[in-house]
Structures are given as structure tokens and as C-alpha cells.
Amino acid sequence: MRVVFVGPPGAGKGTQAKVICVRLGVPQISTGDMLRAAKSAGKLPADLVAKMAAGALVPDGLVIGLIDERVRATDCTPGFLLDGFPRTSPQAEALDQMLAKRGLKLDCVLALEVPKELLIERTVLRRTDKRTGQIYHLKYSPPPPGADLEHRADDREEVVRKRLDTYEGMTAELLPYYEGHGILRRIDGVGSVDEVTTRILSALGAK
Ligand code: AMP
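Residues numbered from 1 in each chain as written. Predicted model: local features only at pLDDT ≥ 70, side-chain atom pairs only at ≥ 80, totals over all residues. Heavy atoms only, no water.

### What to know about the packing of helix α1 (residues 13-24) against helix α8 (residues 193-203)
We apply this condition: To obtain each axis, a line is fitted to C-alpha atoms, and for helices this fit is confined to the stretch in contact; angles are then taken between N-to-C directions over 0 to 180 degrees. Each helix is a run of DSSP H or I of at least 4 residues and each strand a run of E of at least 2, with the numbering of both proceeding from the N terminus. The scheme is simple: roughly parallel for angles under 35 degrees, roughly antiparallel for over 145, roughly perpendicular for 65 to 115, oblique for anything else. Each crossing gets its handedness from the near helix: less than a right angle anticlockwise from the far helix is left-handed, clockwise is right-handed. Note on definitions: a residue-residue contact is assigned when non-hydrogen atoms from the two residues lie within 4.5 Å. Each residue receives one of three labels: charged for Asp, Glu, Lys and Arg, nonpolar for Ala, Val, Leu, Ile, Met, Phe, Trp, Tyr, Cys and Pro, and polar for the others, Gly being one of them.
At a minimum axis distance of 10 Å, the contact between α1 and α8 shows a crossing angle of 50°. Between α1 and α8, the angle is such that the two are oblique. The two elements α1 and α8 meet at a crossing, and its hand is right-handed. Listed contacts from α8 to T15, Q16, V19, I20 and R23 of α1 are V193, V196, T197, I200 and L201. Its residues placed into classes, the contact of α1 with α8 shows six nonpolar, three polar and one charged.

Structure (C-alpha cells):
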């Protein structure tokens, strides 16, 4: 199954992707994680590090190249779940083309919907365990003692607001694109992790 998660920062894409990937037996592919890994390895040019820190998108060509290479890996044969890609219509078109070349297509695009004020609370209090990649929330899903926590630089409130604006600009073109292809499913992203997982699995017909 080839699935895309679309949603603003804090909608729960990363958290849900981890659970859903286990259920579907497919890898999670996050361009945000790939870019952060490139940054930590000192392989991301300074101007792109600055773009990410400011909450702006990096160029389409870079993320399209990353995805084109990643989806060819053998672990993607049963499918994949894309989290954070595509974010623009050129990225969506490039994805369709790279799949079509191999006789493949997307099965479903899940749009996780959450009101803006809740998104800000979720992201500003979000923490990731550097060792395990597990995502916590200081209020709703507190980390265990001893977790090695990291607060993403772009999860500060002023940057989150900028990322939300960027997202709104992007979805204006992306959601109608997938709606037109008849594969968009809108998911209410408010509720516990389990509640949202149940909604996603039922939208995927996997429950
Ligand atoms: P995320 O972890 O998905 O919120 O991504 C973090 C940051 O990485 C974004 O704010 C962008 O700067 C960059 N990024 C991730 N995915 C993409 C993408 N598909 N297109 C452009 N920039 C991206």
C-alpha cells in the first residue's frame, strides 16, 4: 500500500506514521527526518539549514531527488508511507511520474485535520527522544525519566506560526490535486493517538 500523510506541523503525522507503518508493514519515509539527518551529518548546505530553521520549504528538486532514490529501495516493494512529502504540487506531480514510470500509483492520501490553536500547543510542547526517535508531549504524553529529549529548533512558537502559514499556502494547491484524483481522505486529527489511529485504519479499509 502506498500512502501519503498530509497535515500541518503538529497534526500527528509522525506519531501516526510510526503506528500505521507497523500495521501495514511498510517503511515510513519522512523528508523532514531525512533533512535533519543530513543536517546532523553536516551534509546540508548552510542556506538550507537556515531555511528549515525559519520554517520555510527547501527547494522541490532536493526533496524530489531524495524521495526518488528512497522509494527505489527494496524495503519499499510492499509499499511506503510518506510523511511530509509531497508539500507542493510540483512535488505531487513528480511523485506521480516517478511511480507511473514503474507502473505504480498512490492508493490513498490522508489529510490530518486539527484546529490551529491545538497545533501550536502540540508543537511547542513536543519533544523527541534523540536515542529512539519517539515523540512525546510534555502535557499529553509525558516522556519517561531518563529520556534524552530534544526540542526541534523549528518548534518554537514564532517559527511554528510561519510553518503553519507555509502549510496553508501549500495545501491550497495540494488537497484539490488529490481530491481531483479521488484518493483524498480527510481525517479528524483531534483525540487520543489510539482514536486517530482507528480513524486512519478505517479510512484505509485496514480495520
Ligand atoms: P517536517 O519534519 O516534515 O515538519 O519538516 C521540517 C522542515 O523540513 C520543513 O519545515 C521544511 O523546511 C523541510 N521539509 C521537509 N519536507 C519538505 C518538503 N517535502 N518540501 C520542502 N521542504 C521540506
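### Remarks on the site of the ligand
As a reminder of what qualifies: We call a residue near a molecule or strand as soon as one heavy atom of that residue lies within 4 Å of the molecule or strand. Within 3.5 Å is the distance limit for a polar contact, defined as a pair of N or O atoms, with the added protein rule that one can donate a hydrogen and the other accept it, and that residues adjacent in sequence qualify only through two side-chain atoms. Using a 1.4 Å probe, the Shrake-Rupley method yields the accessible areas, and only the shown protein chains count as cover for residues.
Taken together, 16 residues lie near the ligand, and T31, R36, A56, G84 and R163 sit nearest. In this structure, T31 approaches the ligand through a side-chain N or O atom, which is 2.8 Å from a nitrogen atom. Between the ligand and Q91, the relevant distance is 3.0 Å, taken from a nitrogen atom to a side-chain nitrogen or oxygen of the residue. Burial of the ligand by the protein chains amounts to 97% of its free accessible area of 480 Å². For the shell around the ligand, the element with the most residues is helix α2 (residues 31-40), which contributes four residues. A class-by-class count of the residues in the shell around the ligand yields seven nonpolar, four polar and five charged.

### Considering helix α5 (residues 89-100)
Definition in use: Every helix has an expected span of 1.5 Å times one less than the residues it contains. For the exposure calls, accessible area comes from a 1.4 Å probe over protein chains only, and a residue counts as buried if that area is under 20% of its type's maximum, exposed if over 50%, partly exposed in between.
If you check α5, its first and last C-alpha atoms are 16 Å apart, about what 12 residues at 1.5 Å a residue would give, namely 16 Å. Considered for burial, the residues of α5 that qualify are S89, Q91, A92, A94, L95, M98 and L99. On its buried face, α5 is in contact with β1 (2-6), α4 (60-70), β3 (80-83) and α7 (157-180).

### Concerning the packing of α2 against α4
A packed helix pair is summarised by two numbers, namely the angle formed by the two axes and the spacing between the axes. For the pair α2 and α4, the least separation of the axes is 11 Å and the interaxial angle reads 105°. Between α2 and α4, the angle is such that the two are roughly perpendicular. Contacts between α2 and α4 involve T31, M34 and L35 from the first element and L62, V63, L66, I67 and R70 from the second. Here the contact of α2 with α4 is composed, by residue class, of six nonpolar, one polar and one charged.

### A word on the sheet that holds strand β7 (residues 149-150)
Going by this rule: Strands pair, by our definition, only if DSSP identifies at least two bridges between them.
With respect to topology, three strands assemble into an open sheet ordered β6-β5-β7, the strand pairing being antiparallel. Where the open sheet ends on each side, the last strands, each with one partner, are β6 (135-137) and β7. For strand β5 (residues 126-129) and β6, the ladder comprises three bridges, and the chain directions are antiparallel. Bridged to T128 within β6 is I135.

From the geometry alone we can't say anything about function, so treat these as descriptive.
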